[in-house]
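Given next are the chains, with one letter for each unit.
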Amino acid sequence: MAAPGFTVLVSSSHSARELTNEHSGDMCCKTCLFHECVIDAFAPAAALLQVSFSLDSAGNRMCVGKPVIGMNDDERSDNFLPSICLSHCPLCPCRHLHSAQHETTLQRMLLAAADSPRSFRFGVCVLVCDSLDRVLLTKRRADSRIFPGIWVLPGGHLDEGETFWQTGVREVCEETGVLLDVRAVRPLAMWESVYPRVLEQGEPRAHHLVLFLTARVDTAASLGDDGLTLQQSEVAAGHWFTRDEVTSFLALEQSKFPVFAFPASNEPMCLVRSVRAQRPDGTTEEYCLEAEDLGLGHRYALQTLYGLLGSS
């Protein structure tokens, strides 16, 4: 089933909840088009913002607004986040698409959109931590339509009628076999994702807002050698990454896609260059860790989780 498409409304003067009400048309807000950077629509040239976010599934709208301060978890509705960090890659293709250098590409996209408009998509990914403080990552299949072959946190698109939290729990179970308690899932951060990651690799073909959640499981050992039942159609491998393995991955120099500086004082005690990960058939294989093999938004989420964000 194809993922639903969404319109994105942005306002720096109204909360996301206000934008989803029936009178939002009277408010000062911008409707972002597929080729436009959502973060730039909120605050031009920003790298990281504190925003409120809501998703109106019935109206196929995602709303990004000013943060709502002082609201606790008990007051949070199913598809509304009062305050969360939203970031993107400094090389965001949709930001640079509007430069004179890429004017021809932009005009070509606008002509194509007149005949076949493209929509934003919404995704949910989960940082699953076990009782040994390991984090679950999966490696995408080499034939995946977008971001092939890279390591990511398990996740996917929202199904009709689901909440954020239900989507995260379902996707983790489908892809890895790990069962989560929906009541224990918490929001961490958001990422604006564009594929391909830079314009030099081609014009944008996918544009997502991705919500990263966190969850903890009591143990992974009870689920098997690596604790996983992997979905062969989606996943090439899966692995519970130790703290040193995660920080080794994060410490690798991002030569092609510089995102966030990694604080040198937090380099791993033991630098890990490869991991032995489980495949869907239950066998294991050694995988080298290369900087470009970790999804940029997933790098951002992991650095947020561990408090390792440097300057951009």
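Residues numbered from 1 in each chain as written. Predicted model: local features only at pLDDT ≥ 70, side-chain atom pairs only at ≥ 80, totals over all residues. Heavy atoms only, no water.

Draft legend 1. Structural context of the overall build of the protein. Check the secondary structure of the protein and you find seven helices and 14 strands. The buried share of the protein, reckoned over its 312 residues, is 52%. Once local pairs closer than 6 in sequence are excluded, the contacts in the protein between residues at least 24 apart make up 71%. (Helix = DSSP H or I, 4+ residues; strand = E, 2+ residues; numbered from the N terminus. Buried < 20%, exposed > 50% of the residue type's maximum accessible area, 1.4 Å probe, protein only. Contact = heavy atoms within 4.5 Å.)

Draft legend 2. Molecular detail of the packing of helix α6 (residues 243-251) against helix α7 (residues 296-306). Closest axis-to-axis distance for the α6/α7 pair is 11 Å, and the angle between their directions is 125 degrees. By the criterion of interaxial angle, the relationship of α6 to α7 is oblique. With respect to the hand of their crossing, α6 and α7 are arranged in left-handed fashion. Residue-level contacts link R243, V246, F249 and L250 of α6 to R299, L302, Q303 and Y306 of α7. (Axes fitted to C-alpha atoms, helices over the stretch in contact; angles between N-to-C directions. Parallel < 35°, antiparallel > 145°, perpendicular 65-115°, else oblique. Left-handed = near helix turned anticlockwise from the far one by under 90°.)

Draft legend 3. Molecular detail of the side chain of S15. Within the secondary structure, S15 sits in the loop between β1 (7-10) and α1 (16-19). Once residues lying within four places of it in the same chain are set aside, the contact partners of S15 are S52, G65, K66 and V68.

Draft legend 4. The arrangement of the pairing of strand β5 (residues 80-88) in detail. Counting buried residues in β5 gives seven out of nine residues, a clear majority hidden from the surface. Bridging between strand β3 (residues 48-56) and β5 involves six bridges; their strand directions are antiparallel. Bridged to V51 within β5 is I84. Judged from the three bridges that link them, β5 and strand β10 (residues 186-195) form a sheet pairing that is parallel. Residue pairing for β10: L86 is matched across the bridge by M190. (Pairing = 2+ DSSP bridges.)

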